[in-house]
Amino acid sequence: MKKQLLAITVITSLGFAGQSMAADAVSPARDGSKPMIGFGSGAAVGALIGGPVGAFIGGFTGVWIGKSVADEEALASQQAELEQQQQQLQVLAKRSANYESLSEQHSRLNAQLNQLKAAQQQKLDELALGLNVQFKTGSSLIEPHFKQQLDDVVYAMSLAPELKLDLAGYADRQGDASYNQALSEQRLAEVRRYLIDNGIDESRLHSRAFGDTAPLNAEASLENNFFDRRVTLKLSSERGMLAAQ
């Protein structure tokens, strides 16, 4: 009797296992993943090895194996997602490094620009101390020392295109007034020509000759006459006067 019950149990288990195995082989998992080893296929293996008791043990073992396969697939999916996040972090880190590099370059260029502006202002301040070209009696020839001063003016104006230059020509009170007027005009023309020949556009120059009508001192003397024989230069811009006589 016990043998018959065992036989019936085995046959029933095998039939159930066969149906489960057929279902596992034909039907894919509902979530679209690979078919999972389940209770039926595990029970069939267990029945073949250990009889009815083995069938039950095999069934539960099959369920555990199927769950392990599903867990491994989930772990693989999480690993892929983690790798993708790591790649995104690497891209962000690279962008951040590029931004820091650009920021450093911007700061360095700003520092260089500030230094250049300071150098320009220093040059203008130096020029403002004495922008005069002095001449010998009856002469309109520019002496070498004053040519160097005019070169400094040319350099300053090349750095600041907004700068303009006012020129004024004078003569001392010796001689005829009409002659002195012509002499002051000639001196003015020589200074203008020198500036233009060295790259200053004529439109940036404004000139006027005064002859002997604007002496620096009321009393005429050898020393005072020397300072009256001059062409003065006055730098200016839209922001106002940058240099005086």
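Just so we're clear, the structure is a prediction, and the values are computed from it rather than from any experiment. (Residues numbered from 1 in each chain as written. Predicted model: local features only at pLDDT ≥ 70, side-chain atom pairs only at ≥ 80, totals over all residues. Heavy atoms only, no water.)

Q: Sorry if this is basic, but what is going on with helix 3 (residues 144-159) here?
A: Every α-helix winds through 3.6 residues per turn, so residues three or four apart in the chain are directed the same way. Taking 1.5 Å per residue, 16 residues should reach 22 Å; helix 3 reaches 23 Å between its end C-alpha atoms and fits that length. Three or more residues of helix 3 are buried, namely Phe-146, Gln-149, Leu-150, Val-153, Val-154, Ala-156 and Met-157. Seen end-on, helix 3 carries its buried residues on one side only, within an arc spanning 165°. For helix 3, exposure combined with an orientation more than 90 degrees from the buried face picks out Pro-144, His-145 and Ser-158. (Helix = DSSP H or I, 4+ residues; strand = E, 2+ residues; numbered from the N terminus. Expected span 1.5 Å × (residues − 1). Buried < 20%, exposed > 50% of the residue type's maximum accessible area, 1.4 Å probe, protein only. Arc of directions from axis to C-beta.)

Q: How should the layout of surface pockets be read in this particular structure?
A: Rolling a probe over the atoms, with the probe sized like a water molecule, indicates the empty space that remains. Of the voids in this model, the second largest pocket is the one considered here, and its volume is about 150 Å³. What lines the second largest pocket is a set of eleven residues, and nearest its centre among them are Asp-166, Leu-167, Ala-168, Phe-210 and Lys-234. Secondary-structure elements contributing two or more residues to the lining of the second largest pocket are strand 2 (164-169), strand 3 (205-209) and strand 4 (230-237). Tallied by class, residues from the lining of the second largest pocket come to five nonpolar, three polar and three charged. (1 Å grid on protein atoms, 1.4 Å probe; cavity = no way out; pocket = protein on both sides within 12 Å on 5 of 7 lines; lining within 4 Å. Points joined across faces, edges and corners; volume = space filled by probe spheres on them. Nonpolar A, V, L, I, M, F, W, Y, C, P; charged D, E, K, R; others polar.)

Q: Would you mind going over the packing of aromatic side chains with me for this structure?
A: The tally for this structure, following the rule as stated, stands at two aromatic pairs. Ring centres of Tyr-170 and Phe-210 lie 5.3 Å apart, and the angle between their planes is 10°; this geometry places the pair in the stacked category. Note that Tyr-170 is positioned in the loop between strand 2 and helix 4 (177-197) and Phe-210 in the loop between strand 3 and helix 5 (222-228), a separation of 40 residues in sequence. On the accessibility criterion, Tyr-170 (6% relative accessible area) is buried. (Phe/Tyr/Trp six-rings, centres within 6.5 Å; stacked < 30°, edge-to-face > 60°.)

Q: Would you take a moment to explain helix 4 for this structure?
A: With 21 residues, helix 4 extends 30 Å between its outermost C-alpha atoms, agreeing within 8% with the 30 Å of an ideal straight helix rising 1.5 Å per residue. Gly-199 sits one or two residues past helix 4 and shows a positive phi near 110°.

Q: Is there a simple way to explain the pattern of salt bridges in this structure?
A: Two side chains carrying opposite charge are able to pair once their charged atoms lie near each other. Taken as a whole, this structure holds six salt bridges when the rule is applied. The partner of Glu-202 in a salt bridge is Arg-192, with the nearest N and O atoms 3.0 Å apart. Taken as a pair, Glu-202 in the loop between helix 4 and strand 3 and Arg-192 in helix 4 lie far apart in primary sequence, ten residues in all. For the salt bridge of Arg-230 with Asp-228, the shortest nitrogen-to-oxygen distance reads 3.7 Å. Residue Arg-230 is classed as buried on the basis of its relative accessible area, which comes to 3%. For Asp-228, a relative accessible area of 1% corresponds to the buried category. Overlapping salt bridges bring together Arg-173, Asp-228 and Arg-230 as one network. (Salt bridge = Lys/Arg side-chain N within 4 Å of Asp/Glu carboxyl O.)

Q: Explanation requested: the nonpolar core in the structure shown.
A: Considering soluble globular proteins, one finds that nonpolar side chains tend to be buried as a cluster. In terms of nonpolar packing, the biggest core is built from 23 residues, with Ile-142, Leu-150, Leu-165, Val-191, Leu-195 and Leu-233 touching the most fellow members. Sequence-distant contacts of Val-191, that is, excluding residues within four places in its chain, are made with Phe-135, Ile-142, Leu-150, Leu-167, Val-231 and Leu-233. (Core = buried A, V, L, I, M, F, W, Y, C linked by side-chain atoms within 4.5 Å. Contact = heavy atoms within 4.5 Å.)

Q: I tried to follow the packing of helix 3 against helix 4 on my own but got confused; where do I start?
A: The description of two helices packed together rests on the angle between their axes and the distance between the axes. For the pair helix 3 and helix 4, the least separation of the axes is 10 Å and the interaxial angle reads 50°. What the angle tells us is that helix 3 and helix 4 run oblique. In this structure, helix 3 meets helix 4 at a crossing whose hand is right-handed. Of the residues in helix 4, those in contact with Lys-147, Leu-150, Asp-151 and Val-154 of helix 3 are Val-191, Tyr-194 and Leu-195. Looking at the contact of helix 3 with helix 4, its residues break down into five nonpolar, no polar and two charged. (Axes fitted to C-alpha atoms, helices over the stretch in contact; angles between N-to-C directions. Parallel < 35°, antiparallel > 145°, perpendicular 65-115°, else oblique. Left-handed = near helix turned anticlockwise from the far one by under 90°.)

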